[in-house]
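Listed here are the chains, written in short residue letters.
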Amino acid sequence: EYDLPSVGSWYLISVPVEVDSLAVTDLFGDLSGSYQVWGWNDGWVLNNNGVAIPLEGRDGITSLELGKGYWFKSTQAEIFNISGVIPSSTKIELVGGSNWQLIGSPSDANKNIDSLFGDYSTYQVWGWTTGWVLNNNGVAIPLEGRDGITNLVPGKGYWFKTSYANNFNVTITN
């Protein structure tokens, strides 16, 4: 069971557990304010207050996926609860060739970034905690007074990019 804060501003999130339904309306429909969920699929995809909004030829978001990250914003500062089962393992499909993608960590514990991605050439992992945080090739880089990141944290989302030429999979085990 995870409590994910909705701080009334932008927040990078992911779903850390397997749930009965990953539909946006099932996950966020009980929030008291309006909300937006943005994802990335070679371009932005959107859900606004439970409605999938098509953008530039891409369908809007109707459901979230384990292993993916999302930008989330609501008009109210509140906490929403996600209850489910920790997956024993989850395969995250990653795109090589310097393409950005949003990822998450379906897990019950922090996962070391270099242990997950260190075998795949150069990479960057960016997170958001009231400002950008960075891990560059396994090194936590401090930015504007914030510590760099060393772990993927359950419930948070991250931007990921690698110079590794091919697509590849990373399996997060619990």
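Parameters and conventions
- Residues numbered from 1 in each chain as written.
- Predicted model: local features only at pLDDT ≥ 70, side-chain atom pairs only at ≥ 80, totals over all residues.
- Heavy atoms only, no water.
- Helix = DSSP H or I, 4+ residues; strand = E, 2+ residues; numbered from the N terminus.
- Rg over C-alpha atoms; globule rule 2.2 N^0.38 Å.
- Areas by Shrake-Rupley, 256 points an atom, 1.4 Å probe, with all protein chains shown as cover.
- Lys, Arg positive; Asp, Glu negative; His and termini not counted.
- Charge placed at Lys NZ, Arg CZ, Asp CG, Glu CD.
- Pairing = 2+ DSSP bridges.
- Axes fitted to C-alpha atoms, helices over the stretch in contact; angles between N-to-C directions.
- Buried < 20%, exposed > 50% of the residue type's maximum accessible area, 1.4 Å probe, protein only.
- Contact = heavy atoms within 4.5 Å.
- Phe/Tyr/Trp six-rings, centres within 6.5 Å; stacked < 30°, edge-to-face > 60°.

A short note on the overall build of the protein
Next up, step 1: In terms of helices and strands, the protein carries 2 helices and 16 strands.
Next up, step 2: Over its C-alpha trace the protein gives a radius of gyration of 16 Å, about what one expects of a compact globule, namely 16 Å for 174 residues.
Next up, step 3: Considered along the principal axes of its C-alpha atoms, the protein spans approximately 40 × 35 × 35 Å.
Next up, step 4: By element, 46% of the accessible surface of the protein is carried by carbon and sulfur atoms, the whole surface being about 8,500 Å².
Next up, step 5: Side chains of the protein give 8 positive and 17 negative charges; the mean places of these two sets differ by 8 Å.

Points about the pairing of strand β4 (residues 44-48)
Next up, step 1: Alignment of strand β3 (residues 35-40) against β4, held across 5 bridges, turns out to be antiparallel. Counterpart to W38 in the pairing with β4 is L46.
Next up, step 2: Counting the residues between successive antiparallel strands, the hairpin from β3 to β4 contains 3 residues, one of them, D42, with a positive phi of roughly 55°.
Next up, step 3: Pairing of β4 with strand β5 (residues 51-53) involves 3 bridges; the strand directions are antiparallel. Note on β5: the bridge partner recorded for N48 is V51.
Next up, step 4: Here β4 hands over to β5 after 2 residues, with N49 in that stretch at a positive phi of 55°.

Quick notes on the sheet that holds strand β12 (residues 132-136)
Next up, step 1: Ordered by their spatial adjacency, 5 strands build an open sheet running β9-β15-β11-β12-β13, and the pairing between neighbours is antiparallel. Here the strands that pair on one side only, and so sit at the sheet edges, are β9 (101-104) and β13 (139-141). Taking the axes of each pair of neighbouring strands and ignoring which way they run, one obtains an average angle of 30° across the sheet.

Here's the deal with the environment of I61
Next up, step 1: With respect to the helices and strands, I61 occurs in the loop between β5 and β6 (69-74).
Next up, step 2: For I61, a relative accessible area of 6% translates into the label buried.
Next up, step 3: Separated by 17 residues in the primary sequence, I61 and W44 place their C-alpha atoms 9.8 Å from one another.
Next up, step 4: With residues up to four places along the chain from it excluded, the contact list for I61 reads V24, V37, W38, G39, V45, L46, N47, A52 and Y70.

Some thoughts on the environment of S88
Next up, step 1: If you trace the backbone, S88 turns up in the loop between β7 (77-82) and β8 (89-94).
Next up, step 2: Non-local contacts of S88, meaning those with residues more than four positions away in its chain, are made with I172, T173 and N174.

Observations regarding the pairing of strand β15 (residues 157-162)
Next up, step 1: For β15, the tally of buried residues reaches 5 of 6 residues, placing the bulk of the element in the interior.
Next up, step 2: The pairing of strand β11 (residues 123-128) with β15 spans 4 bridges and is classified as antiparallel. Bridged to V125 within β15 is F160.

A few points about the packing of aromatic side chains
Next up, step 1: Enumeration over the complete set of coordinates arrives at 18 aromatic pairs.
Next up, step 2: Taken together, a centroid distance of 5.9 Å and an interplanar angle of 65° make the contact between W71 and W128 edge-to-face. Taken as a pair, W71 in strand β6 and W128 in strand β11 lie far apart in primary sequence, 57 residues in all.
Next up, step 3: Connected via pairs of aromatic rings, a cluster forms that spans W10, W71, W126, W128 and W132.

Thoughts on the sheet that holds β4
Next up, step 1: As summarised here, the arrangement of the 5 strands in space is β2-β6-β3-β4-β5, forming an open sheet in which the pairing is antiparallel. Where the open sheet ends on each side, the last strands, each with one partner, are β2 (11-14) and β5. Recorded for the sheet is a direction-independent mean angle of 30° between the axes of neighbouring strands.

Considering unusual backbone geometry
Next up, step 1: Notably, E56 is not glycine yet its phi reads approximately 45°, a positive angle.
Next up, step 2: Examined against the element boundaries, E56 turns out to sit in the loop between β5 and β6.
Next up, step 3: Phi is positive for E144, which is not a glycine, with a value near 45°.
Next up, step 4: Among the secondary structure elements, E144 is positioned in the loop between β13 and β14 (151-152).
Next up, step 5: When its relative accessible area of 73% is taken as the criterion, E144 is described as exposed.

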